[in-house]
Amino acid sequence: MTVGVNPKQRKIAMNIMLAPMEGVVDHRMREILTAIGGYHSCVSEFVRVTDSLLPAKVFRRISPELNDAGSTPAGTPVTVQLLGGNPETMAANANKAIELGAPGIDINFGCPSRLVNRKAGGAILLKNPAHIHDVVKAVREVVATDIPLSAKLRLGYDNTDLAIDNALAVQAAGADFITVHARTRADGYKSPARWGWLARINESTHIPVVANGDINSVEDYLRCRQISGCDDVMIGRGAIATPDLAKQIRSQQQDIAYKPMTWDEIRPLLLQMGQSMEATVKDKHIGMRIKQWLVYLKRDYIEAQRCFENIRKISSFSEIKNIL
Ligand SMILES: Cc1cc2nc3c(=O)[nH]c(=O)nc-3n(C[C@H](O)[C@H](O)[C@H](O)COP(=O)(O)O)c2cc1C
């Protein structure tokens, strides 16, 4: 199957994005996954904006790629994600991110955290399309039109009543595209993601809608595109569970034969992750990180399950290294 041309105005040239995942997809994971290939772009973990202009070091900590023209070593651009509800400070911080070299800005309207929601940021704003509009509009005013501006929405807070209104608010405020995680906040991360809703939002908007939620295989990708009508997708947990998922999808799109990575090819990536942390992170925290990744990998690789069992009781990476 070849990828059709979306009649919508496009500012994203290809169509697989790596999702932001706080505590999971950091710059190390982005480096590993984009080196495997298939990703058009990534979105950073969120920079939390409250009532002040944040110093450059905060942006550089969350997206160290800013020190490297805003791209991973493989050359994949990393959009900086901002989370907050104050239009003025969101605009000021977006401006700062751009000055620091961010190749794009994304605004998070999906974070379910109670703490964040209590401070009027993340998914709570899905209850108020006018507020979403004000935040996106203020940010658009400082983000030049040659720099992509997007917003990441869920379908709603506790129901889908405002799903389309929220998407229209983002569009009216001048965003270039919208990413929709096809669940409400109340849905959490429950499967199945509601791809049918993506179709309704896609049909109601003229800017591209990027489909997100439960794309864990090439088959899911094809089905999601068919149901949602969205050309572009964003992949979250599936990208961690199947490190070459974007490459598998790209090969399918281009009709190129591709042999999915084997466990023997995945295992060195775990070592690479651990070793890249050795200079700066405590040994036991590296061990936790390796186990965290193995929990995702267990879904596709039986060997990851065995490996997890072997290291379950070991906390130090120095010891885990020998087993890996
Ligand atoms: C551990 C974790 C951390 C996440 N962190 C963020 C984040 O920082 N910003 C954001 O917009 N979404 C975040 N998300 C949501 C994902 O980007 C994505 O929308 C969600 O996981 C659904 O996609 P999936 O089914 O492909 O995983 C996070 C999800 C998880 C599971």
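Coordinates for the structure precede this section.
Summarised in this report is the structure supplied together with it. Please read these numbers as outputs of a predicted model, since none were measured by experiment. (Residues numbered from 1 in each chain as written. Predicted model: local features only at pLDDT ≥ 70, side-chain atom pairs only at ≥ 80, totals over all residues. Heavy atoms only, no water.)

1. What about the packing of helix 6 (residues 163-172) against helix 7 (residues 195-204)?
When two helices pack together, their arrangement is given by the angle between the helix axes and by the axis-to-axis distance. Running from amino to carboxyl end, helix 6 crosses helix 7 at an angle of 40°, the nearest separation of the two axes being 10 Å. Relative to helix 7, helix 6 is oriented oblique. The way helix 6 lies across helix 7 gives a crossing that is right-handed. In this structure, helix 6 uses Ala163, Ile164, Ala167 and Leu168 to contact helix 7, whose residues at the interface are Trp197, Arg200, Ile201 and Ser204. (Axes fitted to C-alpha atoms, helices over the stretch in contact; angles between N-to-C directions. Helix = DSSP H or I, 4+ residues; strand = E, 2+ residues; numbered from the N terminus. Parallel < 35°, antiparallel > 145°, perpendicular 65-115°, else oblique. Left-handed = near helix turned anticlockwise from the far one by under 90°. Contact = heavy atoms within 4.5 Å.)

2. Concerning the sheet that holds strand 1 (residues 16-18)
Read around the barrel, 8 strands follow the order 1-2-3-4-5-6-7-8 and close on themselves; strand pairing throughout is parallel. Shown here is a sheet whose adjacent strand axes are inclined to one another by a mean of 30°, direction ignored. Across 3 bridges, the pairing between strand 7 (residues 209-212) and strand 8 (residues 232-235) is parallel. By the bridge assignment, Ala211 is partnered in strand 8 with Val233. Packed on one face of the sheet, helix 3 (residues 87-99) meets strand 3 (78-83) and strand 4 (105-109) and runs near 160° to strand 3. (Pairing = 2+ DSSP bridges.)

3. A short note on the site of the ligand
Taken together, 17 residues lie near the ligand, and Pro20, Glu22, Asn212, Asp214 and Arg237 sit nearest. Residue Asn108 places a side-chain N or O atom 3.2 Å away from a nitrogen atom belonging to the ligand. The separation between an oxygen atom of the ligand and a polar side-chain atom of His181 is 3.4 Å. Taken by itself the ligand offers 610 Å² of open surface, and the protein chains cover 88% of this. Residue composition of the shell around the ligand, grouped by class: 6 nonpolar, 6 polar and 5 charged. (Near = heavy atom within 4 Å. Polar contact = N/O pair within 3.5 Å; in protein donor to acceptor, adjacent residues only side chain to side chain. Areas by Shrake-Rupley, 256 points an atom, 1.4 Å probe, with all protein chains shown as cover. Nonpolar A, V, L, I, M, F, W, Y, C, P; charged D, E, K, R; others polar.)

4. Describing the nonpolar core
With 95 residues, the main nonpolar core has Ile105, Phe109, Ile290 and Leu294 as its most contacted residues. Sequence-distant contacts of Leu294, that is, excluding residues within four places in its chain, are made with Trp263, Leu270, Ala304, Cys307, Phe308 and Ile311. Formed by 6 residues, the second largest nonpolar core is a distinct cluster that contains Val43, Phe177, Val210 and Met234. (Core = buried A, V, L, I, M, F, W, Y, C linked by side-chain atoms within 4.5 Å. Buried < 20%, exposed > 50% of the residue type's maximum accessible area, 1.4 Å probe, protein only.)

5. Quick look at the packing of aromatic side chains
The geometry of two aromatic rings is summed up by the distance between their centres and the angle between their planes. By the definition in use, this model includes 1 aromatic pair. Aromatic pair Trp263 and Tyr301: ring centres 5.8 Å apart, planes at 45°, arrangement tilted. Taken together, the residues span a long stretch of sequence, with Trp263 in helix 11 (residues 263-277) and Tyr301 in the loop between helix 12 (283-297) and helix 13 (302-311) at a distance of 38 residues. Taking relative accessible area as the criterion, Trp263 reaches 7% and is therefore assigned buried. For Tyr301, a relative accessible area of 9% puts it in the buried group. Geometry around Tyr189 places Arg154 over its ring, the cationic atom sitting 5.1 Å from the centre. The aromatic ring of Trp197 is capped on one face by Arg200, whose charged end is 4.1 Å from the ring centroid. (Phe/Tyr/Trp six-rings, centres within 6.5 Å; stacked < 30°, edge-to-face > 60°. Lys NZ or Arg CZ within 6 Å of the ring centre and 35° of its normal.)

6. Remarks on unusual backbone geometry
The residue after Ser191, namely Pro192, is reached through a cis peptide bond having omega -5°. Its place among the elements puts Pro192 in the loop between strand 6 (177-184) and helix 7. Look at Ala69: it is not a glycine, yet its phi comes out positive at around 60°. Tracing the sequence through the fold places Ala69 in the loop between helix 2 (56-62) and strand 3. Assessed through its relative accessible area of 67%, Ala69 is described here as exposed. Even without a glycine there, the phi angle at Asp214 is positive, about 65°. Relative to the assigned elements, Asp214 resides in the loop between strand 7 and helix 8 (218-228). Residue classification places Asp214 among the buried positions, given a relative accessible area of 14%.

7. Side note on the pairing of strand 3
Taken residue by residue, a regular strand's side chains alternate between the two faces of the sheet. Counted residue by residue, strand 3 has 6 buried out of 6 residues, so it is predominantly covered. Both faces of strand 3 are covered, namely the face carrying Val78, Val80 and Leu82 and the face carrying Thr79, Gln81 and Leu83. Examined bridge by bridge, strand 2 (residues 41-48) and strand 3 share 5 bridges and lie parallel to one another. From the neighbouring strand, Phe46 faces strand 3, where its bridge partner is Gln81. The β-α-β motif built from strand 2, the intervening helix 2 and the parallel element strand 3 has right-handed crossover chirality. With 3 bridges joining them, strand 3 and strand 4 adopt parallel strand pairing. Across the sheet, residue Leu82 finds its bridge partner in strand 4, namely Ile107. The parallel pair strand 3 and strand 4, bridged by helix 3, forms a crossover whose chirality is right-handed. (Right-handed = clockwise from strand over helix to strand, strands pointing away.)

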